[in-house]
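Fold and geometry: a report
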Amino acid sequence: MSAVDFWLGRHREIAAGLAGAKLPWLARVRDEAIGRFADEGWPTTRRENWRHTSLAFMEQQALSVRETVQPERILAALRARFDAATQTSAHLASATSGGSREPTETGTESRRSGGSREPQPSLLTDAPASPRPATQQTASAGHWLVFVDGHFAPALSAIGGLPGGAQIGSLADALKQTPEAVEAAFGDANDGEPPEALNAAFATDGAWIRLSRGVAVEQPIHLVFVGAAATDRHLRNLIVAEAGAQATIVEHYPASAAGTTLTTAATRILAAQDSHIVHLKLQEEAPEAIHLATIDAVQARGAVFASHSLSFGARLARNDIRTRLDGEGAEALLNGLYHADGRRHVDHHTRIDHAAPQGTSREFYRGLLDGSARGVFTGRILVAQDAQRTDAMQRCDNLLLSRLAEADARPELEIYADDVKCAHGATVGQIDDDALFYLRSRGLDATHARQVLTYAFAAEVLDRIAHAPLRALGRAALLERLPAEARLEELS
Amino acid sequence: MLKINNLHASVDGKAILKGLDLEVGDGEVHAIMGPNGSGKSTLAQVLAGRDSFTVTDGNVDWDGTDLLALPAEERARAGLFLAFQYPVEIPGVSNAYFLKAAVNAIRRHRGLPEFDAMDFLARVKAEMKAVGMKEEFLYRSVNEGFSGGEKKRNEILQMALLEPKLAVLDETDSGLDIDALKIVADGVNRLRSPERSMIVITHYQRLLDYIVPDQVHVLSQGRIVRSGGRELALELEEHGYGWIDTAKGGERASGAPGARP
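All of the points below concern the structure found in this document. (Residues numbered from 1 in each chain as written. Chains lettered and ligands numbered in written order. Predicted model: local features only at pLDDT ≥ 70, side-chain atom pairs only at ≥ 80, totals over all residues.)

**Topic: the nonpolar core**
In globular proteins that are soluble, nonpolar side chains generally tend to be buried together. So the rule is basically this: For our purposes the nonpolar core covers buried Ala, Val, Leu, Ile, Met, Phe, Trp, Tyr and Cys residues that link as a set through C-beta atoms within 7 Å. The burial criterion counts other C-beta atoms lying within 10 Å of a residue's C-beta, which is placed from the backbone; the residue is buried at 20 or more, exposed at 12 or fewer, and partly exposed between these limits. Secondary structure elements follow DSSP: runs of H or I of four or more residues count as helices, runs of E of two or more count as strands, with numbering from the N terminus. Contacts here follow a simple rule: the backbone-placed C-beta atoms of the two residues must lie within 7 Å.
Core analysis: the largest hydrophobic core is formed by 210 residues, its most contacted members being A241 and A271 of chain A together with V168 of chain B. Looking at this core, the element that brings in the most residues is helix α10 (residues 446-462) of chain A, giving 10 residues. Look past the residues within four positions of V168 of chain B in its chain and what remains in contact with it is A44, L47, A48, F81, L82, A83 and I199 of chain B.

This is the structure:
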C-alpha cells in the first residue's frame with residue numbers, strides 16, 4: 001500500500017536504522033518531514049500547484065514488482081546507447097566540420113531577435129566556457145555512478161580521473177565522512193510539495209557532488225538509478241559547486257523492474273558565483289511506474305544553470321523544477337521535452353525566481369501527446385521588486401498526436417519590478433496540414449511524413465543541449481519513443 | 001497524356017471548379033491563365049491530391065490511370081510534381097534530409113537503388129549550382145527563412161531532382177523579380193523534354209516570355225473559357241481579364257473587369 005499511514009508506519013519501523021540516523025539534524029529533518037507528509041497527505045487537485053495532477057489515487061495504490069531486472073543488463077544497454085550516441089555525434093562533427101552548420105547556436109539565436117542588449121553566449125548554448133571535449137572520446141567516457149534500488153552500487157560504478165577538489169560519490173558515504181557539508185546542502189522538511197517531504201523522510205542515498213573553487217569536471221557525471229526489485233526508492237542528489245566550478249550532470253532513470261513502483265527524487269544544486277552547471281535528466285521509467293521528482297537550484301551572482309528535462313516514461317511523472325536567481329547577473333535555461341502516450345500523465349511544474357537584478361532566464365518546453373495521454377506544464381516566473389533589468393522568456397508548445405490527448409500549458413508571471421523584459425507564450429496544436437501535404441506531395445507516405453514532423457518538432461528542444469554526445473543521446477531516446485520505420489536518425 | 005474531363009471541385013461546400021476540361025499531350029507545355037479566384041490554384045492542388053478539396057464530379061485520366069483515386073504520395077511517386085505557389089516552411093527538417101527522402105521515395109517506387117549520402121550529395125550539389133542555390137541551403141530547415149525567390153528556386157531544385165513526368169507550376173513567377181524569374185524559367189526550360197509535360201499556371205503573361213507554351217488556356221469561374229496559341233496570352237495582356245467575359249459573348253458579360261466570381 002502507499003497510503004499515508006503506510007509511510008508513517010514504515011518511518012517508525014526503520015528510521016532508527018537509516019544511514020545518518022545518529023546525526024541529530026538529519027533525524028530531526030526526517031521526523032519533521034514525515035510529520036509534514038502525514039499532515040498534508042498526497043496532493044489532490046484542490047491544492048494550488050496540483051490543479052491538473054492528482055495523487056489521491058496513491059492512498060489506495062498498492063506498490064508491487066511483477067518482474068525484477070538485473071541491473072547489469074540495464075546498465076550495459078544504457079552505456080551501449082551512450083557510446084553509440086558519442087560515436088554518432090563525433091561522426092556528425094567530422095562530417096560537418098568547416099561547414100556553417102551549428103544547430104545549437106543558429107537554432108536559438110534566431111529566436112533571440114528583439115534587441116538583446118547584453119552578450120550571453122554561455123546561457124543560450126549552455127556549453128561550459130572551458131574548451132569542448134575532443135571529438136574522439138573513448139567509449140563510455142565520463143563518470144558513472146550507479147544506484148540500485150536507491151543505494152549506491154560501487155561495483156557497477158566507474159569514476160574516471162578527477163581534478164583535485166572534485167568529490168563525486170554517494171550521499172550515504174558523505175554522511176559518514178563530511179556530515180557538516182551535507183547538512184548545509186540537504187534541505188529541510190518544508191521544501192517543496194508533499195512528495196518532496198516523503199523523499200526527505202526516506203532518502204538515504206543519492207549522489208554527492210562537491211566541486212571546489214574553480215574546479216571544472218570536463219566529462220559528464222552520469223547518475224544511473226536502476227530499480228531492480230524494490231517497490232519504491234527515494235533518492236537525494238546534492239550538488240555543491242563553489243565559485244567558478246563547472247560540471248555537467250546527467251540523471252538517468254531507465255526502464256527497470258516492471259510493476260507499480262514509486263520513485264521519489266530530489267536534486268539540489270547550489271551554484272556559487274560564476275559557476276556553470278548543466279543538468280540533464282532522462283526519465284524513461286517503465287510504463288506503470290510513478291515518478292515524483294524535484295530539481296531545486298540556487299544561483300549566486302553570475303552563476304549559469306541549464307536544466308534539460310526529457311520526460312519520456314512512467315505512468316505518472318511529475319517534475320518540479322525550480323531555480324532561484326539569487327545573485328546579480330545569473331542566467332538560467334530551463335529546457336524540456338515530454339512525451340506520453342496511452343493513458344500516461346506527465347506534469348512539469350517549473351518556477352523561476354528572479355530575486356536579484358540583471359538575471360536572464362530562458363524557458364522552452366515542448367510536449368508530444370498521443371493516445372489519451374495528458375501533458376501539463378506550469379511555468380511560474382517571479383520577478384522580485386529588486387530584480388530590475390530582468391530578462392525572462394518562456395515558451396511551451398504542445399503537439400497533440402491523437403484526438404483524445406490533452407495538454408494544459410499555464411504561464412504564471414508575477415512581476416514586481418518595473419524595468420524588466422518578460423515574454424511568454426503557449427500553444428497546443430496538431431500536425432500542420434500544409435506541411436503534411438507538402439511532404440506527401442514529394443512522395444513521402446503519410447506515416448513517414450507525420451513522423452518527420454513530429455520528430456522535428458521535438459528535436460528543437462534537443463538542439464539546445466550543447467554537449468554533442470548528450471544531444472545525440474537525447475535524440476536516440478526520443479527516436480525509441482516514436483514508432484519509426486522511417487530513417488529519422490538521418491534528420492539529426 | 002493527361003485528360004481532365006468535366007472536373008468539378010469544391011472546398012467547404014463552395015464550388016470552385018465547375019466543369020473543367022483539359023488535355024495535355026506528352027512533352028507539351030500548357031499555360032493556364034486567369035484572374036484571381038478563377039480556380040487556378042485549386043486545379044493545381046486537386047491534381048496534386050490535396051484532400052481539403054472535394055471532387056464532386058468529373059475525372060482525370062493520366063496515361064490510363066485514374067489520377068484522382070491515388071493518394072498524394074502515390075501521384076508524386078508516379079511522376080506528378082507540384083511546384084507550390086507558397087512553399088511550406090518546415091522548421092527542424094533540413095533541406096538535405098527532405099530532398100533525399102523525397103528522391104529516394106520516388107527511386108524506390110521506380111525500382112531504382114536508393115541514393116546513399118555521397119551519391120546524393122554529388123547529385124544535389126550539381127543541381128543546386130544549376131539553379132543558383134548556395135550549398136548552405138542544404139543544411140537549413142526546409143524553406144525556413146528563405147526569401148520568396150529562394151523558396152521558388154528550392155521548388156525548381158526539387159523538380160529537377162525528382163524528374164517528374166508531369167509538372168504543375170503554380171504561380172511560380174509570382175513575387176519574383178526579373179532575375180529570379182529568369183533563373184526559374186531557365187530551370188524549367190532545361191527540364192523540357194518529350195517525356196515531360198508541364199502545366200504552367202500564371203496570372204501574368206510575363207513568365208511566358210521565358211517559358212514558351214505550346215498552348216494557352218484561360219480559366220474563368222472554374223472552367224476553361226478560351227484556348228489558343230501563345231498569342232492568346234498577348235491578347236490577354238493587352239485587354240485584361242475583363243475582355244474574356246465580353247469576348248465570350250454575353251453569358252457572363254455583365255461581370256465587371258477582373259471581378260471575382
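**Section: the sheet that holds strand β21 (residues 420-429) of chain A**
All names here are of chain A. The test is simple: When DSSP finds at least two bridges between two strands, those strands are taken to pair. Interaxial angle, 0 to 180 degrees, is taken between N-to-C directions of lines fitted to C-alpha atoms, where a helix line uses only the stretch in contact.
Spatial ordering of the open sheet is given by β3-β2-β6-β8-β11-β13-β15-β17-β19-β21, a layout of 10 strands whose pairing is mixed. Because the sheet does not close on itself, it has two edges, and the strands there are β3 (151-152) and β21. Strand direction decides the pairing type here: strand β17 (residues 360-369) and strand β19 (residues 390-400), joined by 10 bridges, are parallel. Note that in β19 the partner of T360 across the bridge is D391. This element, α10, spans β15 (331-340), β17 and β19 of the sheet and lies at about 155 degrees to β17.

**Re the interface of chain A and chain B**
We count it as follows: For this classification, the nonpolar set comprises Ala, Val, Leu, Ile, Met, Phe, Trp, Tyr, Cys and Pro, the charged set comprises Asp, Glu, Lys and Arg, and every other residue, Gly included, is treated as polar.
Counting residues at the interface gives 21 residues for chain A and 21 residues for chain B. Elements supplying a minimum of two residues to the side of chain A that touches chain B: α9 (433-440) and α10 of chain A. For the side of chain A that touches chain B, the element with the highest residue contribution is α10 of chain A, accounting for six residues. Split by residue class, the side of chain A that touches chain B holds 10 nonpolar, four polar and seven charged.

**What to know about the environment of P287 of chain A**
Checked against the element boundaries, P287 of chain A lands in the loop between β11 (276-283) and β12 (290-299). Expressed as a C-alpha distance, the spacing of P287 of chain A and A317 of chain A, which sit 30 residues apart in the sequence, is 10 Å.

**Here's the deal with the pairing of strand β4 (residues 54-62) of chain B**
Residues and elements named next belong to chain B. Note that strand β1 (residues 2-11) and β4 share seven bridges and pair antiparallel. Note that in β4 the partner of K3 across the bridge is D61. Two strands pair when backbone bridges link them, and β4 and strand β5 (residues 65-66) are joined in this way by two bridges, in the antiparallel orientation. When the sheet's bridge partners are listed, D61 is paired in β5 with D66. Counted between consecutive antiparallel strands, the loop separating β4 from β5 contains two residues, among which D63 sits at a positive phi close to 50 degrees.

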